[in-house]
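Inside the fold
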Amino acid sequence: MTKQGRVFSGARPTGRQHLGNYLGAIKNYVALQDNYECVYCIVDVHALTTMDTTLELKQNTYDMALDWLAAGIRPEESIVFIQSHVPQVMELHTYLSMVTPIGKLTDLPTFKDKVRENPNNVNYGLVGYPVLMAADILLYATDFVPVGVDQAPHLEFTREVVRSFNYRYGAPVLKEPQMKTTSIPKVLGIDGVQKMSKSLNNHIELASTAEETTQRVMQMVTDTARIRRSDPGNPDVCNVFSLHKIFSSQDEIDMINVECRRAGIGCVDCKKILAKNLNAHLEPFRSRRNELDQNPAYIWDTLADGAKRATVLAEETMTAVRDAIGLP
Ligand code: SF4
């Protein structure tokens, strides 16, 4: 089947992936492969901007790649690689930085957020983060970038960089990527309040055993107004129900939607149904992950092969870029 263009997406090496990562990105990555030529990058250099220590960087990269492949990213079709293995991205970053006003970077809301989160480490890399991100996208002549609505300003920034670069050097060398807006569900953690995140320890890891997963589900906060078993609940404000809508059958969803409101089902039973369905959904992932994990060399070889294929694309872009700039 003819593909409809090239998609690029990158994610920081955050190690073993959780349900929020899966529903927010990986599931979409897997689906996009059917219609697009996909380039998926583990952006280890980006991670350095806010890291105190790099001790876990290698293991986190391995775990993330393992989870991606186990979830259904097909490396024989898609390019899966590590950002720093294609150093041309650093070169393009430097050239793009020459057409990027510093005020534009410091005005970005994401920069201000990062400064708030890392007040003691406002480094040069942090300011230039969006330029490196633009380089990631443009190096591979990307047609589409899957983004949630909140990330749209970053892609718009990349598009402006393309226009500035092409105008400055008088040639349409860089391709303006289009936004591929996806509705990314906001997956709450088991606390039912904050976004699912490893650092908040409110996550459900994809690679957990069935028992561990059930335990986490049983710890989930439900409709906080429902105190006793005999109190009617409201599924519309319950995070357990949000996950039922993704992992349970329509009959079960309909039943819970009715029974919860008239206290016909208790939260313990409701969670047991969710745990059963979630475990059934994750079972193929877990067995594939265990299988792949028997052979770590395969994961590293896959990433090396991805880097080789990404380098071919990168060099095509860089040859045109160096020419357009007029580098001697
Ligand atoms: Fe939530 Fe289910 Fe309890 Fe209703 S019965 S409050 S949907 S966990």
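Residues numbered from 1 in each chain as written. Predicted model: local features only at pLDDT ≥ 70, side-chain atom pairs only at ≥ 80, totals over all residues. Heavy atoms only, no water.

Of note, Ser-183 is situated in the loop between strand S5 (178–181) and helix H10 (210–218). Separated by 35 residues in sequence, Ser-183 and Gly-148 have C-alpha atoms that sit 6.3 Å apart. (Helix = DSSP H or I, 4+ residues; strand = E, 2+ residues; numbered from the N terminus.)

Attention now goes to the site of the ligand. Near the ligand the following residues occur: Thr-222, Asp-223, Arg-226, Cys-238, Val-240, Phe-241, Ile-256, Cys-260, Cys-267 and Cys-270. Within the residue set of the shell around the ligand, elements represented by two or more residues are helix H11 (239–247), helix H12 (250–261) and helix H13 (267–293). Of the residues belonging to the shell around the ligand, the class tally is 7 nonpolar, 1 polar and 2 charged. (Near = heavy atom within 4 Å. Nonpolar A, V, L, I, M, F, W, Y, C, P; charged D, E, K, R; others polar.)

The next thing to look at is the pattern of salt bridges. Tallied over the entire structure, the rule returns 23 salt bridges. Ionic pairing is found between Arg-74 and Asp-34, a salt bridge with its closest N-O pair at 3.0 Å. Taken as a pair, Arg-74 in the loop between helix H3 (57–71) and strand S3 (79–82) and Asp-34 in the loop between helix H1 (19–32) and strand S2 (37–42) lie far apart in primary sequence, 40 residues in all. Since its relative accessible area comes to 23%, Arg-74 is described here as partly exposed. With relative accessibility at 44%, the residue Asp-34 sits in the partly exposed group. Among the ionic pairs, Arg-289 bridges to Asp-63, the shortest N-O distance being 3.9 Å. Taken together, the positions of Arg-289 in helix H13 and Asp-63 in helix H3 put the pair 226 residues apart, joining distant regions of the chain. Of the two residues, Arg-289 and Asp-63, neither departs from the other in class, the shared state being buried. The network of salt bridges with common partners includes Lys-3, Asp-34, Arg-74 and Glu-77. (Salt bridge = Lys/Arg side-chain N within 4 Å of Asp/Glu carboxyl O. Buried < 20%, exposed > 50% of the residue type's maximum accessible area, 1.4 Å probe, protein only.)

Below, the discussion takes up the domain arrangement of the protein. Domain annotation of the protein identifies domain 1 (6–186 + 296–325) and domain 2 (210–290). Facing the 10 residues of domain 1 at the interface are 8 residues of domain 2. The contact between domain 1 and domain 2 buries some 820 Å² in all, and 68% of this surface belongs to carbon and sulfur atoms. The largest contributions to the domain 1 side of the interface with domain 2 come from Leu-19, Leu-23 and Ala-70, which together make up 49% of the buried area. The interface formed by domain 1 and domain 2 includes 2 salt bridges. There are 2 residue pairs in polar contact (both at pLDDT 80 or more) connecting domain 1 and domain 2. (Domains from an automatic or database assignment. Contact = heavy atoms within 4.5 Å. Buried area = accessible area lost by both parts, 1.4 Å probe. Polar contact = N/O pair within 3.5 Å; in protein donor to acceptor, adjacent residues only side chain to side chain.)

One pass over the full model with this rule turns up 8 aromatic pairs. Directly above the aromatic system of Tyr-129 lies the positively charged group of Lys-114, at a separation of 6.0 Å from the ring centroid. Between Lys-180 and the ring centre of Phe-144, over which it is positioned, the NZ or CZ distance is 6.0 Å. (Phe/Tyr/Trp six-rings, centres within 6.5 Å; stacked < 30°, edge-to-face > 60°. Lys NZ or Arg CZ within 6 Å of the ring centre and 35° of its normal.)

Where burial is concerned, most of S2 is hidden: 5 out of the 6 residues are buried. Relative to S2, strand S1 (residues 6–11) runs parallel, the two being bridged by 6 bridges. By the bridge assignment, Ser-9 is partnered in S2 with Tyr-40. Pairing of S2 with S3 involves 4 bridges; the strand directions are parallel. Directly across from Tyr-40, in S3, lies its bridge partner Val-80. (Pairing = 2+ DSSP bridges.)

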